[in-house]
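# Structural overview for review
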Amino acid sequence: MNPVAAGWLALLGAFGVIAQTGQDPVPRCLDPELRLELVAGAPVLVTPIGCTVDARGRVYVLESHTHFPKPDAPGPKTDRILMFPSATGGTPSVFAEGFRWGMNLAAGPGGSIYLTHRNGVLRLDGPDGQGRSTGRQPVVEMETAGEYPHNGLGGIAFGPDAGLYLGTGENLGLPYVIRGSDGSRVVRNAGAGGVVVRCQPDGSRLELFATGFWNAFGLGFDGQGRLLLVDNDPDARPPCRLLHVIPGGNYGFQFRHGRDGLSPLIAWDGELPGTLGMVAGTGEAPSSVLDAARTRFPPRYGGTLLVAATWDHRLEMFRPVPVGASFRSEREVLLEGDASFRPVSLAAAPDGSVVFTDWVKPDYSIHGAGRLWCLAARDPSRGAPASLPAPQGMERSRAELEALRPGDGFERLMAAAGSPDAFLRSTAVSRLSEAGERRLDAAWSSGSPEARTSLLLAARKGLAPRSSGDRSAADWIRRGLVDGDPRVRTAALIWAAEDGVREVMEEVRRALEGTTPTPRLAELQPVALRMLQGTNVVGETPGGAGAEGVRRTAAPQTATAATVEELVAPLRDRSTARFLREEFARDLAGTQDPRAIEALQALALDTREPVDLRCEAILSLRGTHRDSVTVLLPLLQDPEEAVAIELARSLQPWLESGGTRAALEKAAASGRVGVRTAALRAMGNGEPRPATVGDWMRLLEGRPGDPAKGDRIFRSPEAGCSRCHRVLKRGGNLGPDLSVVSRGSSRERLLRSLLEPSRDIAPQFAEHRVETRDGEVFAGRLVSEEPGGTVTLLTGVGQRVRIPGALVVRNDPSAVSLMPEGLLDALSTDDVGNLVAYLESLK
């Protein structure tokens, strides 16, 4: 460190607290028995991620300087670790530096500090008299072509068994090898999700511990030795998860089935055979979990877990309650701040306080801000909280199963295999996979549906995909596909699809014949068949090398003339199921085909048809041409108010055409409030508008809203939501998929995202502006960024633009959302209420 910088550090540190530059508000602690103090801030500490505390109370904070740095970013060019004398501050020293893509820290044995970086783990020896590490050595390495900074190795914790536990992200589906110091390794093929691995502190005896994560970034152990983990959610499958992780557990995510998380082959809360559910949903971007028993918080915090929800600006609390062999919990808020509060890593100090880092800004790129906080009890002498209770009942039984020697306790394992508890079954499957095919085969006929499902999973785990034992993989799958229980058939379909067992393709094709399939089976079977045929392509991958110029790919076109007749015939046929007719009407939206327009007009005008179907027809006629819509003017007087409102909304572009204004004025004079409001709005006369999110909340209180109407508003030109967002595979993909948006969003949060779209932007959906050497500027969502700086953007009109790195002059994320401001201005208050009701229905 240069003398000038050291002098400033000494001067600032003399006060005990190093203040943040600027006037960012202090986060609000909801417990008056706790106090929050700022330990350090910019310019002394910037862009902090991981932190840990050693046995002497010294605080180590990892500063990132390599996470998407801008070309002109000031400061160090590599990551570094600052060491503070205590949790109350003081002058920090640079403990170690020279890292790339550093992620997390953990205090290790013998006073060492362990650092995870995107592609490995380093052991750093303790500090000398100047506060600098006295040596370093690699412990674990991750070999992969992946270069995205924070979806490789990240999570780290030491267990009560003295083992080193590491978590990875999904690595964008690229294959990887995690290699230990003794040559032991864990190999994951293309399309895998994140994993947890375990090794010794020196990196030896590396082994796979659990699978199925999106990004296993935050790991921690409770006082009873349970491994807990916070996992970020896929693009469209909220909420993020707090997980209880057991050996051999499968938590449901694989990148090869799509990064949106919506494939029927992905489980997020134990929905599929062999997968395990969550303890609770957390706030957005959870990055750390800590057992409150490691603090000196008041004793009532006993049995409580603390979670840093970075992008929800909160520290959250969970009080897990035993359920079977695991837990469930509800979420509470302990600490909350404004948009400048983004807590990341939690660490307990020997004095019982909790220090944590704060990224501050929404930018993924290095931005020059950052803070370190300390949260402590005002009266730590009252005692410490207790940990979660020791394992009892089913959880203790599961631990006993885990401790069985291979080959022992077969009958006991079979009993657990038929248990209603997924965690018991998971451990039984792991141990049964060691029992041999013959014993599994002999047990099949006497097993319950749960037990047969477990036997199928154990056979898969114990066999290579195409083993030639007493029963091959294909034989096991065939047995499962003809089983009378849908759970068994589901497990068999997944095995066939994921392991590519093409010998059973014909059986997969016939899997639903002669049965009444469950919705999950009906959704899963065609996906499994496409995977076996090699036609199921998911996810986004970087483009090839190609020409060195900018490459543009047009947006896909909707309904073609060749498909019109296939849609129109069943649309006219009243014997066709109503929901199918609605889908066909949607498929014809914006058509220019005269046959389709005529069919939609006839449907809209026919008062015998269901109201929602008539409204769908009107909505689909928008975007055709003027006469297609104005011919429906008599419907402004339709006895069904919803039909009249839908038409009034559709007429705004044609105000000066063929008596439209006069018809709207007549409708506005009617006694029907909804029709009058829609007609006036179509003519540019709006109603008074709430000014804030709170005002909207009060206005909509007690108004249930109509999700069916909100669905049409979502797809209407006024709102334009479906141009950028998908729901159940329909719509654009510029913004997040909203198919299950309400799982992780309250009404207030939904309204805020509509009114203040730039307040909290998920970084993967931030607008990127790329300028080329030719002076062209492209704006859109970043699809991929390849080695060498080649960028692919998805623009607002659905066009993909690939810009070679040699042409890129600037590539900057914007603080402004791709979602436009003023989205609700074109909607009536009833429209907004219905839109929110629709979004709340997406679960």
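Our subject is the structure that appears above.
Thresholds applied
- Residues numbered from 1 in each chain as written.
- Predicted model: local features only at pLDDT ≥ 70, side-chain atom pairs only at ≥ 80, totals over all residues.
- Heavy atoms only, no water.
- Helix = DSSP H or I, 4+ residues; strand = E, 2+ residues; numbered from the N terminus.
- Rg over C-alpha atoms; globule rule 2.2 N^0.38 Å.
- Buried < 20%, exposed > 50% of the residue type's maximum accessible area, 1.4 Å probe, protein only.
- Contact = heavy atoms within 4.5 Å.
- Areas by Shrake-Rupley, 256 points an atom, 1.4 Å probe, with all protein chains shown as cover.
- Phe/Tyr/Trp six-rings, centres within 6.5 Å; stacked < 30°, edge-to-face > 60°.
- Pairing = 2+ DSSP bridges.
- Axes fitted to C-alpha atoms, helices over the stretch in contact; angles between N-to-C directions.
- Core = buried A, V, L, I, M, F, W, Y, C linked by side-chain atoms within 4.5 Å.
- 1 Å grid on protein atoms, 1.4 Å probe; cavity = no way out; pocket = protein on both sides within 12 Å on 5 of 7 lines; lining within 4 Å.
- Points joined across faces, edges and corners; volume = space filled by probe spheres on them.
- Nonpolar A, V, L, I, M, F, W, Y, C, P; charged D, E, K, R; others polar.
- Salt bridge = Lys/Arg side-chain N within 4 Å of Asp/Glu carboxyl O.
- Parallel < 35°, antiparallel > 145°, perpendicular 65-115°, else oblique.
- Left-handed = near helix turned anticlockwise from the far one by under 90°.

Right, let's talk about the overall build of the protein chain for a bit. Along its length, the protein chain carries 23 helices and 37 strands. The globule rule puts the C-alpha radius of gyration for 843 residues at 28 Å, and the 29 Å found for the protein chain is close to it. Projected onto its principal axes, the C-alpha positions of the protein chain cover 85 × 75 × 60 Å. Going through the 843 residues of the protein chain one by one, you find that 55% of them count as buried. Taking as baseline every contact in the protein chain between residues at least 6 positions apart, the subset at least 24 positions apart corresponds to 62%. Carbon and sulfur atoms provide 52% of the accessible area of the protein chain, an area that totals close to 34,300 Å².

Attention shifts here to the packing of aromatic side chains. Under the criterion given, the structure shown has 14 aromatic pairs. When the centroid spacing of 6.4 Å and the interplanar angle of 5° are considered together, the rings of Phe-68 and Tyr-364 count as stacked. Here Tyr-364 lies in the loop between β28 (354-358) and β29 (371-377) and Phe-68 lies in the loop between β4 (59-63) and β5 (79-84), a separation of 296 residues in the sequence. Accessibility expressed as a relative area gives 23% for Tyr-364, which makes it partly exposed. Through successive ring pairs, a cluster of aromatic residues spans Phe-68, Tyr-148, Trp-311 and Tyr-364.

Spatial strand order, β17-β18-β19-β20: four strands in an open sheet with antiparallel pairing. Whereas interior strands pair on both sides, the edge strands pair on one side only; in this sheet they are β17 (216-221) and β20 (280-282). Strand-to-strand twist of the sheet, defined as the mean angle between neighbouring strand axes without regard to direction, takes the value 30°. Inspection of the sheet shows β17 paired to strand β18 (residues 227-231) by five bridges, in the antiparallel sense.

It is worth spelling out the nonpolar core at this point. In terms of nonpolar packing, the biggest core is built from 50 residues, with Leu-440 and Val-508 touching the most fellow members. Among the secondary structure elements, those contributing two or more residues to this core are α3 (410-417), α4 (422-432), α5 (437-443), α6 (449-462), α7 (473-481), α8 (486-499), α9 (505-509) and α10 (519-533). It is α8 that contributes the most residues to this core, eight residues altogether. What Val-508 contacts, discounting residues up to four positions off in sequence, is Leu-481, Leu-493, Ala-496, Gln-525, Ala-528, Leu-529 and Leu-532.

So, about empty space enclosed by the protein. Tallied over the full model, the rule gives one cavity of 30 Å³ or more. Together, Gly-407, Asp-408, Phe-410, Leu-413, Arg-431, Ala-435 and Arg-439 line the largest cavity. A breakdown of the residues in the lining of the largest cavity according to their chemical character gives three nonpolar, one polar and three charged.

Moving on, we come to the sheet that holds strand β16 (residues 207-213). Pairing between sheet strands relies on hydrogen bonds along the backbone, with the strands arranged either parallel or antiparallel. Sheet architecture is open: four strands sit in the order β11-β12-β15-β16, paired in antiparallel fashion. Here the strands that pair on one side only, and so sit at the sheet edges, are β11 (153-158) and β16. Each strand axis lies, on average, 20° off the axis of its neighbour in the sheet, ignoring direction. Judged from the five bridges that link them, β11 and strand β12 (residues 164-168) form a sheet pairing that is antiparallel. Bridge pairing links Phe-158 to Leu-164 in β12.

So, on to the pairing of strand β15 (residues 194-199). The two faces of a sheet get side chains in turn, since along a regular strand they alternate between them. Judged by how many residues are buried, β15 sits mostly within the fold: five of six residues are covered. Across four bridges, the pairing between β12 and β15 is antiparallel. Opposite Leu-166, over in β15, you have Val-197 as the bridge partner. The sheet contact formed by β15 and β16 spans five bridges and is antiparallel. Along β16, the bridge assignment pairs Arg-198 with Glu-207.

Turning next to the pattern of salt bridges. Evaluation of the coordinates by the stated rule reveals 59 salt bridges. With its nearest N and O atoms 3.4 Å apart, the salt bridge here joins Glu-767 to Arg-769.

With that out of the way, let us pick up the packing of helix α13 (residues 594-605) against helix α14 (residues 611-621). Close contact between α13 and α14 brings their axes to 8 Å; oriented N to C, the two are set at 140°. In this view, α13 runs oblique relative to α14, as classed from their interaxial angle. By crossing handedness, the relation of α13 to α14 is classed as left-handed. Of the residues in α14, those in contact with Ile-597, Leu-600, Gln-601, Leu-603, Ala-604 and Leu-605 of α13 are Leu-613, Arg-614, Ala-617, Ile-618, Ser-620 and Leu-621. Residues belonging to the contact of α13 with α14 are distributed by class as follows: nine nonpolar, two polar and one charged.

Functional significance is not addressed by these values, which are geometric in nature.
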